Amino acid sequence: MLKGNEIRQLYLDFFEKKYQHTIVESSSLVPDNPTVLLTTAGMLQFLPIFLGIQKSPYEPARAASCQKCARAGGKDSDIENVGRTPRHHTFFEMLGNFSFGDYYKKEIIAWAWEFVTEVLKLDKDRLWITIFETDDEAGEIWKSVGVPAERIKRKGKKDNFWGPPGASGSCGPCSEIHYDLGEQYKCDHPECGIDTCECDRWVEIWNLVFTELYQDEEGNQSPLEKKNVDTGMGLERITMVCQGVASTFETDLLKPILDKVSEMSGVPYKKSEKTDISLRIITDHARCVSFLISDGVIPGNEGRSYVLRMILRRALRHGKILGMELPFLYKLVDTVVEHYGKAYPDLVKNQAKIIDTIKKEEERFNKTLDRGYKMLDEFIAEKKDIDGESAFKLYDTFGFPFELTREIAEENGLAVDEAGYKVAMQEQKERAKAATAKISVTGDIKYAKVEEEVGSTEFIGYEEVACEAKILALIECEGYVDVVLDRTPFYAECGGQVGDSGFIVNENLKAEVLTTFKVNQLFVHRCQVLTGELTVGEYVFATIDVARRNEIKVHHTSAHLLQAALINVVGDEVKQAGSQVEENRMRFDFTFSRAMTPAEVEKTEALMNKWIGEKLPVQTDVMNIEEAKLTGATALFGEKYDDVVRVVSIGGAKKCKCGGGGKCKHNHDEAPEVISREFCAGTHAKSTGDLRLVKIVSEGAIAAGTRRIELVVSNAAIEYLNNKVKVTNELESRFKVHTEEVLERVEKLAEENRELQKELAKVKEEQAKGKFATFISRAQDIEGGKLFISKIENFDSDAVKAGIELLGNKLGNSVIVLASERMVVAKVSDNFVQKGINAGKIVGEIARATGANGGGRPNFAQGGVKDASLLDDILAKIEADIKG
């Protein structure tokens, strides 16, 4: 029986030695492409070659690889299936071979058939082929290598056509090799087959993609000059087939990890489906987090760091289900490294780091896990859906990733308000950005003590972007290390400008500086150690992210330009009330008594762009504060300044070596006027021309008498406008109109939609009236008139109102109470109101009984329903109360 490691090597040897492919090492799970969260496919590292951006460095132009892949975040994720099916994983290995305009269908189909039948020696009678429905060429080639026609099935675009990845691009048909595991795995479908169902009997083992077409944005396809091949075969799946087992978890790739989990938990595999799910989840996740951490990902709250934390904590939760005490997951790293270390030496090199990272994350989660469970248990006991605020509290206070909360809720038949969760998350981000990692008052005291011991930091960042420095102190904080240097080029967060990021390195160390902040005169670098160790007393090289700093500088300068433009456009009433300067946006708060008109916003932006086009000089002067005040420089109200300050001026002559006395060739009388002069310790552009372009994104109120403008400049402005153009182009294409006609077309569609909504509402009302008319015969006689109390189907509120009005007219003196899964409504005629029966009180009692709110007038009221399962009891009580 072939082992998984043997299959990996057989594949690479086959394509290298027999068919002259260059073997390319797996790229990192952290891709070079900033738009991609994780590496999800073998072709990702070759994308620049496929797109024609880069020429193939391989001769001949063909390559093969075994690529580490992770699919656990974003649209490609199917994490909810991991552990619940025989072959879903968060981490997997993808065997692939690639042709960059070299060989094509004839070659790869023959080679693929050769590999699976002659090298792996799979039973030909169990192999099936699918091709794109019109790909006659592929069908004939498969026949020529010996596949019977009846085993070649044609499928449509959904199954056997790849791409384009966006609105346009390369694309083409694909052909898949499937394996029949046998009759014992067939489903209940009467004609269970490769072309009729997707049950566990049929396993797709290899996908051959033929990119031969280019598709434009209108869907027109034309042949490519060079045709490419991109194939993918999951190592876990092909190993499962070769080893004759029904699940990838039972292969020698994963079984050793699974066995270790069983041993540690004392729970045997295949004891029950519930415990098997937990065993498989821990097995898969232990492998995935080990590889992610080895490739430099750390647990956190953003991007791939969040994905890692979510996977890790999901594994811990399933450990608790099996009765395991935290920490335990870190103990599985040795088993992962033992079985994967030969193929991936980085695992061996980073073994200690992986263990340490996992253990610390387990200890962190263990502090809040039980309290989070207690909160969830309250929802489960009351059978209440989890609202967005509570889901966010579980995440923010108790460390439960949203996906984990949703999984627990679904297991107990509950729903989670994801939209509400996102709103709460956004509100939290507005209050304090996670990446900035603000310091608490307690933290201030701690850092002040460090400053007493080591002294203040020498800041050289106005002149230098890198320097040699000595580590004076290290402060541990959750998941990070705060580093204090004797000197630094890193700007610390101050005056609304975010702190610099970059790296601190020496020959034994590489630490990423995530942000920089300041306590008194102590500069603190919040770091994540990537390799090596931080040691007090060692010398390091500190270097900022220059590209990011440059974008921050132009956005900071834009704040000065904006204030000057606002004063010019709307008057001296404008006073700065705060700002936030980042590398990709600038937020400016100012006092002003009313909303700006669109024309004023447009004029402000135009004036700023005029100044940018004039490439006015930006100059910083350091002077005594009393001297600075005499220059007329604007100071931020309430801000405390040192005796020596920095004054930033925009416009006017740059300081000349002649001192401005005319003893040089420059004509100082023709210098542009100074348009802005402010006290400011931030970093700035050298010229307004560096801003390139400004675009105001929004203007609105944040409090009474306080407005906020958000804008972008430079690269961020260009990106913002390009995104707007993409939307406009898409609308032009979709509506088949010119740019100037888009708005008219949208307004027309909106009007048509309003008319259709009116017509639909009328239809629904008529349907409701028809349904409600059938209720008349079911009304009960009571003293003084009729009583009708019932549950109804989910009509919309307008239809219910129309229906209950009809019912009231037909029944005359009556009490009518109707409840659906979403709402409750009551109508009480005057004679019953005089007897003390109140529609508002009835609705309020029913709504509160189901966990919602409601009320209204004595004659008519409506409210919500939260838990419809409680309606029967409360409606019966209301009926009994009315009957007396």
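A. Geometry of the sheet that holds strand β15 (residues 509-519). Taken together, the six strands give a closed barrel; going around it, the order is β11-β12-β16-β15-β14-β17, and neighbouring strands pair in antiparallel fashion. On average, adjacent strands in this sheet sit at an angle of 45° to one another, irrespective of strand direction. Summarising the sheet, β15 and strand β16 (residues 522-531) pair through nine bridges and their orientation is antiparallel. Note on β16: the bridge partner recorded for Phe-517 is Val-524.

B. Region of interest: the nonpolar core. Grouped together as the largest cluster of nonpolar side chains are 112 residues, with contacts concentrated most on Leu-122, Trp-142, Ile-205, Trp-206, Leu-329 and Phe-400. Setting aside residues no more than four positions away along its own chain, Leu-329 makes contact with Ile-282, Ala-286, Val-289, Leu-312, Ala-315, Leu-316, Ile-358 and Glu-362. The next biggest cluster of nonpolar side chains, apart from the first, holds 36 residues, and it includes Met-608, Trp-611, Ile-709 and Val-713.

C. The arrangement of a negative patch on the surface in detail. A contiguous patch of negative charge on the surface is contributed by Glu-740, Glu-741, Glu-744 and Glu-747. Tracing the sequence through the fold places Glu-747 in helix α21 (residues 739-773).

D. Region of interest: the packing of aromatic side chains. In the structure shown here, the tally under the stated rule is 38 aromatic pairs. Considering the side-chain rings of Tyr-19 and Trp-111, the 4.2 Å spacing of their centres and the 25° angle between planes classify their relative orientation as stacked. Taken together, the positions of Tyr-19 in the loop between α1 (4-18) and β1 (22-23) and Trp-111 in helix α3 (residues 105-119) put the pair 92 residues apart, joining distant regions of the chain. A relative accessible area of 9% places Trp-111 in the buried class. For the pair Trp-128 and Trp-202, a centre-to-centre distance of 6.0 Å together with 85° between the ring planes defines the contact as edge-to-face. Of this pair, Trp-128 sits in strand β4 (residues 127-132) while Trp-202 sits in strand β8 (residues 202-215), and the two are 74 residues apart along the sequence. On the basis of relative accessibility, which here comes to 9%, the residue Trp-202 falls in the buried class.

Cut-offs used in this document
- Residues numbered from 1 in each chain as written.
- Predicted model: local features only at pLDDT ≥ 70, side-chain atom pairs only at ≥ 80, totals over all residues.
- Heavy atoms only, no water.
- Pairing = 2+ DSSP bridges.
- Helix = DSSP H or I, 4+ residues; strand = E, 2+ residues; numbered from the N terminus.
- Axes fitted to C-alpha atoms, helices over the stretch in contact; angles between N-to-C directions.
- Core = buried A, V, L, I, M, F, W, Y, C linked by side-chain atoms within 4.5 Å.
- Buried < 20%, exposed > 50% of the residue type's maximum accessible area, 1.4 Å probe, protein only.
- Contact = heavy atoms within 4.5 Å.
- Patch = residues over 30% accessible without salt bridge, like charges linked within 9 Å, V, L, I, M, F, W, Y side chains within 5 Å.
- Areas by Shrake-Rupley, 256 points an atom, 1.4 Å probe, with all protein chains shown as cover.
- Salt bridge = Lys/Arg side-chain N within 4 Å of Asp/Glu carboxyl O.
- Lys, Arg positive; Asp, Glu negative; His and termini not counted.
- Charge placed at Lys NZ, Arg CZ, Asp CG, Glu CD.
- Phe/Tyr/Trp six-rings, centres within 6.5 Å; stacked < 30°, edge-to-face > 60°.

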